[in-house]
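Tertiary structure, described
Here is how the chains run, residue by residue.
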Amino acid sequence: MSGGHQEHPARIVGHGHDDHHGHTHADHGSLKSYTTGFILALILTAIPFWLVMGKVIDKSSTMGLVLLGFAAVQIVVHMVYFLHMNTKSEGGWSMLALIFTIMLLFIMLSGSLWVMYHLNHNMMPGMMPDSTEVVPESMQNMSNMPKTHSMEDMHNMPNMKMQ
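Rules behind the numbers
Residues numbered from 1 in each chain as written. Predicted model: local features only at pLDDT ≥ 70, side-chain atom pairs only at ≥ 80, totals over all residues. Heavy atoms only, no water. Core = buried A, V, L, I, M, F, W, Y, C linked by side-chain atoms within 4.5 Å. Buried < 20%, exposed > 50% of the residue type's maximum accessible area, 1.4 Å probe, protein only. Helix = DSSP H or I, 4+ residues; strand = E, 2+ residues; numbered from the N terminus. Expected span 1.5 Å × (residues − 1). Contact = heavy atoms within 4.5 Å. pLDDT = per-residue confidence, 0-100. Patch = residues over 30% accessible without salt bridge, like charges linked within 9 Å, V, L, I, M, F, W, Y side chains within 5 Å. Areas by Shrake-Rupley, 256 points an atom, 1.4 Å probe, with all protein chains shown as cover. Salt bridge = Lys/Arg side-chain N within 4 Å of Asp/Glu carboxyl O. Phe/Tyr/Trp six-rings, centres within 6.5 Å; stacked < 30°, edge-to-face > 60°.

1. Comments concerning the nonpolar core
Counting residues in hydrophobic clusters, the biggest one holds five residues: Leu44, Leu51, Met63, Phe70 and Val77. Where this core is concerned, the elements lending two or more residues are α1 (31-53) and α2 (60-81). Here the element with the most residues in this core is α2; it accounts for three residues.

This is the structure in structure tokens:
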């Protein structure tokens, strides 16, 4: 028996990122990457806050789109710097699953908004300011109907006896 230490032949010294199945672990970030992500997240929170509180953009639809843009960029920053999602982790499958999820969400949200818009447009024609309301013939003579009586008129009526 020799006094020296013998390494296992399957293990390679200095490559601690490989496990026993040959999978590589993704980079778990460094202080520099976490700091960069934190600063970007702060900036991407402060700018929209300033835009809303300072009323920098007057049109609400434009403000909504700008805020959604900042939110989307901040989601990407969180995924890259804090969740460590990239094309290399898990052989690219986590990024592919993310892209598929984003596509499904986009299809569902845009389809829902499209359906709600068209239902509102087609089901409520009398509520639209630029539309002319079509009144059925049976309801056209309703303005000639007698007015309803007030409670005071009801109290002044003579009592009727049931026979």
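2. As for α1
With 23 residues, α1 should cover 33 Å at 1.5 Å per step; its first-to-last C-alpha distance of 32 Å lies within 8% of that length. Where α1 is concerned, the buried positions are Ser33, Gly37, Ala41, Leu44, Pro48 and Leu51. Its buried side turned inward, α1 meets α2. Looking one or two residues past α1, lysine 55 carries a phi angle of roughly 50 degrees, positive in sign.

3. Regarding the confidence of the model for the chain
Of all residues in the chain, 59% attain a pLDDT of 70 or more, and the chain-wide mean is 75. Looking over the chain, one finds the lowest element-wise mean pLDDT in helix α5 (residues 151-156), namely 60, and the highest in α1, namely 96. Long-range and interchain partners of residues 11-20, a stretch whose pLDDT sits below 50, account for seven contacts in this model, where long-range means more than four residues apart.

4. Some remarks on a nonpolar patch on the surface
A contiguous nonpolar surface patch, about 930 Å² in accessible area, is contributed by Tyr34, Phe38, Ile39, Leu42, Ile43, Ile47, Trp50, Val56, Phe82 and Leu83. Here isoleucine 39 is to be found in helix α1. A residue is classified by how much of its surface remains accessible, and isoleucine 39, at 43% relative accessible area, is partly exposed.

5. Focus on unusual backbone geometry
Of note, lysine 55 is a non-glycine position whose phi angle comes to about 50 degrees, a positive value. Note on placement: lysine 55 falls in the loop between α1 and α2. Judged by its relative accessible area of 65%, lysine 55 is exposed. With a phi close to 55 degrees, histidine 84 is a non-glycine residue in the positive phi region. Within the element layout of this structure, histidine 84 appears in the loop between α2 and α3 (93-123).

6. Observations regarding the packing of aromatic side chains
Aromatic ring pairs are reported here in terms of the distance separating the ring centres and the angle at which the planes meet. Within this structure, the stated rule accounts for one aromatic pair. For the pair tyrosine 34 and phenylalanine 82, a centre-to-centre distance of 6.2 Å together with 15 degrees between the ring planes defines the contact as stacked. Here tyrosine 34 is found in helix α1, whereas its partner phenylalanine 82 is found in the loop between α2 and α3, with 48 residues between them in sequence.

7. Observations concerning α2
If you check α2, its first and last C-alpha atoms are 31 Å apart, about what 22 residues at 1.5 Å a residue would give, namely 32 Å. Along α2, the residues that are buried comprise Met63, Phe70, Gln74, Val77 and Met79.

8. Let's talk about the environment of glycine 29
Position of glycine 29 among the secondary structure elements: in the segment before α1. A relative accessible area of 30% places glycine 29 in the partly exposed class. Residues glycine 29 and valine 80, spaced 51 residues apart in sequence, show a C-alpha to C-alpha distance of 9.8 Å. Apart from the residues within four sequence positions on either side, glycine 29 is in contact with Tyr34 and His84.

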